[in-house]
Every structure is written in structure tokens, then in C-alpha cells.
Amino acid sequence: MPTSADYRQHLEVETPEHVVIDYDIAGLGSRSLAALIDSAIIAALAFALVFAMALLPTRIWRFVIPIAYLALFALLWGYFALFEGFRDGQTPGKRRMGIRVIRDTGHPVTFAEAAARNLLRLIDFLPPPYLLGILFVAFHPRGKRLGDLVAGTVVVRDAPSASLAADLDAPLPAAIDGAPQLSDEEFRVVREFVGRAPQLPREVRLRLAMQIATRFTDRVPAGREDPVAYLRAVWRDEAARRRGRLGSSATARAASTNAVSVGAGGAREATTPRGSSVTMERLVARKSSRWDEFSAMADRATRGGLDALDADELPDFAARYRDVAADLARARTYGADPVVRTRLERLVAAGHNLLYRDERKTLRRIGALIAIDFPAAVVSSWRTVLLAMLSFSIPALAGYATIRERPALAAEVLPAVMLSRAENGREELAAGRGYARTDAGNRTMVAAFIITNNLGVAFACFASGVVLGVGSLISLAFNGVEMGAVSAHFQNYGLLGYLWTFVAGHGVLELFAIWCAGGAGFLLGMAVLRPGAYSRRDALVINGRLAMRLVGASVVLLLVAGTIEGFLSTSGASTRVKVAVSVSSALLLAAYLANGWRLQRAAQLPPAS
């Protein structure tokens with residue numbers, strides 16, 4: 001059977017055992033269907049959450065709505081990252097389509113990488129629906145969208161898409177004592193057809209199967225099976241016969257007769273592939289049961305982690321993995337069946353992902369990330385954070401100066417709610433009420449809204465930085481101009497102190513968090529504009545990892561700032577209390593960064609390029 005061209009995209013990864021694993025890159029179709037399935041699940045969960053809320057008594061809504069609001073935000077922003085980060089790179093949609101996310105090195109994806117690739121969905125989605133992401137997946141050599149480029153990940157096939165691929169995962173046929181019924185050439189044709197059938201169109205597959213089957217239906221009755229199933233059965237039966245005592249002896253004699261021949265000039269020719277075929281058949285006969293045992297152990301570990309294996313099984317699992325990796329190298333050397341090679345490649349990939357995955361995310365490790373790694377990243381990236389601060393502050397001063405000089409512009413550029421609050425500010429102040437004061441019963445809801453809104457702004461500011469840093473610059477400048485203009489408008493009414501008394505409690509942490517998110521976005525842009533000694537691809541991955549720690553610091557600070565804003569800034573607490581909280585938060589922020597600075601000095605972390 002002629003060899004057909006293979007137009008599929010591949011990723012080859014060399015393991016520490018010097019065995020190359022060949023991954024099949026997932027295509028646009030399977031990824032799109034997986035995204036549709038996941039989107040349907042998200043929509044169903046969101047609908048169920050809203051429906052459950054509607055069934056609850058209205059008297060408890062003020063307690064439950066904030067929780068539901070936070071849960072909905074986590075669902076929309078965290079669904080993909082949580083599943084991919086903690087479920088071996090697979091969402092339910094990806095699992096259904098037989099694809100998964102892995103790192104470029106072949107290792108399992110971590111939560112930080114899953115979070116990075118999915119925060120970038122915001123940009124890949126543009127212009128709706130997903131046009132930029134679709135174009136990248138369609139034309140990138142490894143099917144990467146922007147999120148994959150930043151995270152250093154790739155989406156690969158976890159299983160063949162055709163239904164015939166069940167043979168690849170089925171146990172190999174056991175040896176039987178019976179003489180082979182096919183010639184070596186006929187067996188080779190059947191073997192190659194079985195290996196390639198899943199990639200053939202249905203019409204071509206059926207036509208080739210009928211043509212091949214007519215060669216030996218007189219010796220091997222077809223029964224009532226369709227031609228493709230018939231050839232699969234023929235392959236399994238013949239492979240079992242060739243692994244048996246009679247089959248191996250007969251094939252070995254044929255190999256020894258044809259292995260060496262003397263040419264016309266007396267030169268001796270090299271061994272033909274028949275000798276290699278005999279060696280491989282014997283290897284499969286000897287090792288197939290051990291491969292099945294390793295497959296069962298890998299399945300258990302994939303579902304429950306390595307903790308699913310007993311203590312005495314772990315060394316055995318590692319030994320079996322090395323054994324299977326060596327068998328894969330032999331299979332490639334001896335030109336084994338595509339079915340055998342594919343099965344071994346999957347076993348090696350499964351073992352590699354399990355044994356070389358990152359350490360488990362214990363509570364201690366999470367605490368170290370928050371207390372040490374996040375502030376250390378801020379200190380290491382102080383230049384980009386400073387650039388973000390200036391990108392916010394300079395437009396803020398410009399906005400303030402413009403509205404102070406031309407007060408009439410406020411009606412054209414500021415939201416109606418801010419204009420209304422400024423007009424009613426004197427009355428509120430005279431009545432002893434502060435800016436945006438909220439009843440105690442509604443403060444939990446306000447805090448939930450503030451936290452989710454600010455996190456969304458931070459995520460957008462970070463993600464838009466991948467567009468050469470311009471998106472982050474625009475986001476920072478816009479928010480800066482708005483804050484400066486609002487401050488000037490309240491100053492024009494003589495109410496600047498009234499406004500900033502509200503901002504004082506949470507403003508230090510909130511503003512710094514936004515600058516961290518902007519600095520993270522600038523890191524992405526700098527990786528493209530100034531990659532330094534690295535290629536742009538590598539610089540993007542390196543800066544992306546540092547940027548995600550900046551985003552982590554931003555998330556921590558915004559959670560604290562949103563809680564302060566929701567429960568203190570909107571309360572009737574005195575100005576003295578709010579200023580005291582502001583000073584305390586500034587001191588705590590300084591201590592937080594100092595902790596990271598000490599680690600940065602101890603580890604001699606280089607500053608971001």
C-alpha cells in the first residue's frame with residue numbers, strides 16, 4: 001500500500017530517558033467543538049445558579065446574592081484555568097474531544113500557565129467571536145493562540161479522533177500456536193492499513209479494505225463482518241500466530257534464509273527488515289502483558305494522582321516507565337507496527353506526565369507564593385511597575401488640570417452618576433453622610449461588586465499588554481484621566497476632601513494593584529519589542545511567568561482593597577479612622593514588598609528585561 005503524505009502538525013519532545021514522544025497537535029475543529037461544549041456547560045451552570053437564587057426567599061437574598069455574584073465571576077473567569085490547571089490540562093469539553101493542554105516541554109500544565117493562557121482569551125476573542133484566536137490556531141505551526149504563546153503551552157490530541165482507534169488502546173493479541181496464514185508481504189499490507197485506517201476518509205477506507213481483503217478471503221473466511229472490521233480481525237489473528245511458537249520459528253527460518261545474500265561481485269548485503277520484524281514480534285509477545293499492567297497503573301494515577309498508587313507501587317511504576325521507554329526506542333529501531341508504536345508512545349507520554357509533573361500545590365506552597373513569590377516579582381519588576389504608575393499618574397494630572405481649567409467639559413466626559421454625586425455632595429455632607437455611603441445590610445453586596453469589577457479591570461489591563469503593551473497603556477491612561485477628571489470636578493464644587501475621604505481607606509492598595517497589573521501587561525509587550533538575548537517566543541514565555549506573579553500580587557491586593565472599600569469606605573466611619581486605615585495599609589504594603597526584596601536579594605533574581 002503506498003505511503004500517503006502526512007499533513008498533520010506534530011510536536012516532538014525528548015524525555016530525560018532520551019526517548020522522543022511524538023504528539024499530534026489538536027486541530028481547529030476539535031478545539032472549537034471542545035470550546036462549544038465548555039461554553040454550554042458554563043451557560044448551564046450560570047442558569048442553574050440564577051434559577052436557584054430565584055427559588056430562595058427574598059429575605060435572605062442580601063446574604064446569598066454576594067456569594068452567587070462571586071461564584072458567577074469565578075465561573076466565567078476561572079472555569080478553564082481551574083480545570084486545565086488541576087485536571088491534567090483537560091476541561092470537560094477537551095476530555096470529550098480527546099485533547100489536552102501540555103507545556104511545550106511535554107510536561108503537564110501548571111495552574112499558573114493555565115491561568116495565563118485563559119486570561120489571554122479576552123484578547124483571543126477579539127473581534128467577536130474569537131476571530132483572532134481562530135486565525136492564530138489555523139496558521140501557527142503548532143496551532144497556538146496568543147494565550148498559548150504567553151503560557152508556553154500547546155494543545156495536543158489525547159486519542160485519535162476516529163472510532164477505529166479503539167484498537168490502538170486494546171490489549172495486544174496473545175500468542176497462539178498456529179502456522180501463519182499470510183505471506184510477509186500480505187501481513188505488512190494489513191498491518192499498515194490497520195495503523196493508518198483511522199486517518200483515512202470513510203469512503204477511501206472502505207474501498208481499500210475491500211481491495212486488500214480480496215487477496216486472501218479464500219484462506220481466511222470473512223464471515224459477516226464489514227471489510228474494515230475483517231482486516232482488523234485478520235491482523236490480530238495473524239499477529240498472534242506470528243508470536244506463537246510455530247509462527248516465530250517459521251518467520252525466523254525465512255529471515256535467516258534471506259538475511260544475507262551474496263551479490264554478483266561477492267559483496268554481502270545487510271540484513272533485511274524481516275529479521276527486525278521477527279525481533280519485534282518476539283518483543284511484543286514477551287512484553288505485551290507488562291505494557292497492559294503499566295497502562296492500568298497509569299490510568300489509576302491519571303485519575304487520582306500518584307497518591308492513588310501504594311507506596312510499594314511507586315518504585316515499580318518508575319521502573320516500568322523506564323522499561324516501556326526503552327521498548328519504544330526498540331520499536332522505532334525495528335520498525336514495529338504503527339499500532340504498537342502508537343500504544344507505546346501513549347504509555348510513555350502518560351508516565352512522563354505523571355513522573356515529571358510539578359510538585360503538589362500544598363497550603364504551605366500557596367502561602368509561600370502569596371507571602372514571598374508575589375512581592376518578590378513586584379520588586380524584580382519595579383521598572384515596569386513604575387512605568388505603569390507613570391502611565392496612570394501623568395494622564396491623571398492632565399485630566400485634573402483640564403477639568404479645573406474648563407469645568408464645562410465635565411458634563412461631556414464624566415459619567416452621569418459622578419455628575420449627580422458632585423451636585424448632591426453638599427447636601428450629603430451637610431446631612432453628615434459620606435460619599436457613596438451604604439446601609440450596613442448592603443455592604444457585603446457592594447464589596448462583592450467592587451472586588452469583581454476591579455479584578456476584571458486588572459485582568460483586562462494585563463491581557464491587553466500582549467498587543468505590544470499598547471493595550472495596557474491605554475487602560476492605565478484611561479483610568480488615570482477619569483480619576484483626575486473626577487477629582488477636578490469635585491474640586492470645582494469644593495468637595496475634593498469629601499471624595500478622597502472615601503478613597504483614602506482602600507485607595508493605596510487598589511491603585512498599586514492596578515499598577516502591578518499594568519506592569520504585568522508591559523512585561524508581555526516588552527517581550528515582543530525588546531526580547532534581548534532570547535527569541536521573542538522564549539522571551540514571551542519567560543516574561544509571561546513573571547507577569548503572572550505580578551497578576552497574583554494584584555489579585556491579593558484587590559481582594560483586600562475591595563473588602564476595605566465595601567465595608568469601611570462606604571460606612572459612616574470617621575475621617576480619622578479611614579486615614580488611619582490608609583496609613584496602615586501603606587505600611588503593610590511596604591512590609592509586604594520588603595519581604596519580597598529580601599528574597600530577591602538572597603536569590604539574586606535579575607530584574608526583568
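Preceding this paragraph is the structure being described.
None of the values given here were measured: they were computed from a predicted structure. (Residues numbered from 1 in each chain as written. Predicted model: local features only at pLDDT ≥ 70, side-chain atom pairs only at ≥ 80, totals over all residues. Heavy atoms only, no water.)

A. Region of the structure containing the side chain of Asp 148. Turning to its location among the elements, Asp 148 is positioned in helix α7 (residues 146-151). Residue Asp 148 is classed as buried on the basis of its relative accessible area, which comes to 0%. Each residue touching Asp 148, except ones within four places of it in the same chain, is listed here: Arg 31, Arg 117, Gly 143, Thr 153, Val 154 and Val 155. (Helix = DSSP H or I, 4+ residues; strand = E, 2+ residues; numbered from the N terminus. Buried < 20%, exposed > 50% of the residue type's maximum accessible area, 1.4 Å probe, protein only. Contact = heavy atoms within 4.5 Å.)

B. Representation of the nonpolar core. Formed by 56 residues in total, the largest nonpolar core has its most connected members in Val 378, Phe 462, Phe 512 and Trp 515. Look past the residues within four positions of Phe 512 in its chain and what remains in contact with it is Val 378, Val 385, Leu 557, Leu 589 and Leu 593. Judged by nonpolar contacts, the second largest core, of 29 residues, contains Val 13, Tyr 23, Val 154 and Val 324. (Core = buried A, V, L, I, M, F, W, Y, C linked by side-chain atoms within 4.5 Å.)

C. Quick peek at unusual backbone geometry. Cis geometry marks the peptide bond from Leu 126 to Pro 127; its omega dihedral reads -25 degrees. Residue position: Pro 127 is located in the loop between α5 (121-124) and α6 (131-139). A positive phi angle, near 65 degrees, is found at Tyr 130, a position not held by glycine. Within the chain, Leu 468 stands out as a residue other than glycine whose phi angle is a positive 60 degrees. Of note, Leu 468 is situated in the loop between α21 (443-463) and α22 (470-492).

D. Spotlight on the packing of helix α1 (residues 28-55) against helix α2 (residues 61-86). Orientation of α1 relative to α2, taken along the N-to-C sense of each, is 180 degrees, at an axis distance of 11 Å. Classified by the angle their axes make, α1 and α2 are roughly antiparallel. The residues of α2 that touch α1, namely those facing Asp 38, Ile 41, Ile 42, Leu 45, Ala 46, Leu 49, Met 53 and Ala 54, are Trp 61, Val 64, Ile 65, Ala 68, Ala 71, Leu 72, Leu 75, Leu 76, Tyr 79 and Phe 80. Across the contact of α1 with α2, the residue classes break down as 17 nonpolar, no polar and 1 charged. (Axes fitted to C-alpha atoms, helices over the stretch in contact; angles between N-to-C directions. Parallel < 35°, antiparallel > 145°, perpendicular 65-115°, else oblique. Nonpolar A, V, L, I, M, F, W, Y, C, P; charged D, E, K, R; others polar.)

E. Region of interest: the pattern of salt bridges. Counting across every chain of the model gives 17 salt bridges. Between Arg 31 and Asp 148 there is a salt bridge, with the nearest N and O atoms lying 3.1 Å from each other. Here Arg 31 is found in helix α1, whereas its partner Asp 148 is found in helix α7, with 117 residues between them in sequence. What makes Arg 31 buried here is its relative accessible area of 13%. Linking Arg 117 and Glu 84 is a salt bridge whose minimum nitrogen-to-oxygen distance equals 3.1 Å. Placement of the pair is Arg 117 in helix α4 (residues 111-119) and Glu 84 in helix α2, with a sequence separation of 33 residues. A relative accessible area of 1% means that Arg 117 is categorised as buried. With a relative accessible area of 0%, Glu 84 lands in the buried category. Residues joined by salt bridges that share partners form a network here, namely Arg 31, Glu 84, Lys 94, Arg 117 and Asp 148. (Salt bridge = Lys/Arg side-chain N within 4 Å of Asp/Glu carboxyl O.)

F. Structural context of the packing of aromatic side chains. Taken as a whole and assessed by the stated rule, the structure comprises 15 aromatic pairs. Centroid distance Tyr 435 to Phe 490: 5.7 Å. Interplanar angle 75 degrees. Geometry classified as edge-to-face. Separated by 55 residues along the polypeptide, Tyr 435 in the loop between α20 (425-430) and α21 and Phe 490 in helix α22 bring together distant segments of the chain. Here the aromatic residues Tyr 435, Phe 490, Tyr 498 and Phe 502 are joined through ring pairs into a cluster of three or more. (Phe/Tyr/Trp six-rings, centres within 6.5 Å; stacked < 30°, edge-to-face > 60°.)

G. Expanded view of the pairing of strand β3 (residues 99-103). Burial runs high along β3: 5 of the 5 residues are buried. Burial along β3 is two-sided: Ile 99, Val 101 and Arg 103 facing one way and Arg 100 and Ile 102 facing the other are all buried.

H. Structural view of the environment of Leu 36. Mapped onto the elements of the fold, Leu 36 is located in helix α1. When the C-alpha atoms of Leu 36 and Gly 93 are compared, they prove to be 7.6 Å apart, with 57 residues separating the residues in sequence.

I. Structural detail: a nonpolar patch on the surface. Nonpolar side chains collect at one region of the surface, where Trp 382, Leu 386, Leu 390 and Ile 394 lie side by side and expose about 380 Å² of accessible area between them. Residue Leu 390 is classed as partly exposed on the basis of its relative accessible area, which comes to 38%. (Patch = residues over 30% accessible without salt bridge, like charges linked within 9 Å, V, L, I, M, F, W, Y side chains within 5 Å. Areas by Shrake-Rupley, 256 points an atom, 1.4 Å probe, with all protein chains shown as cover.)

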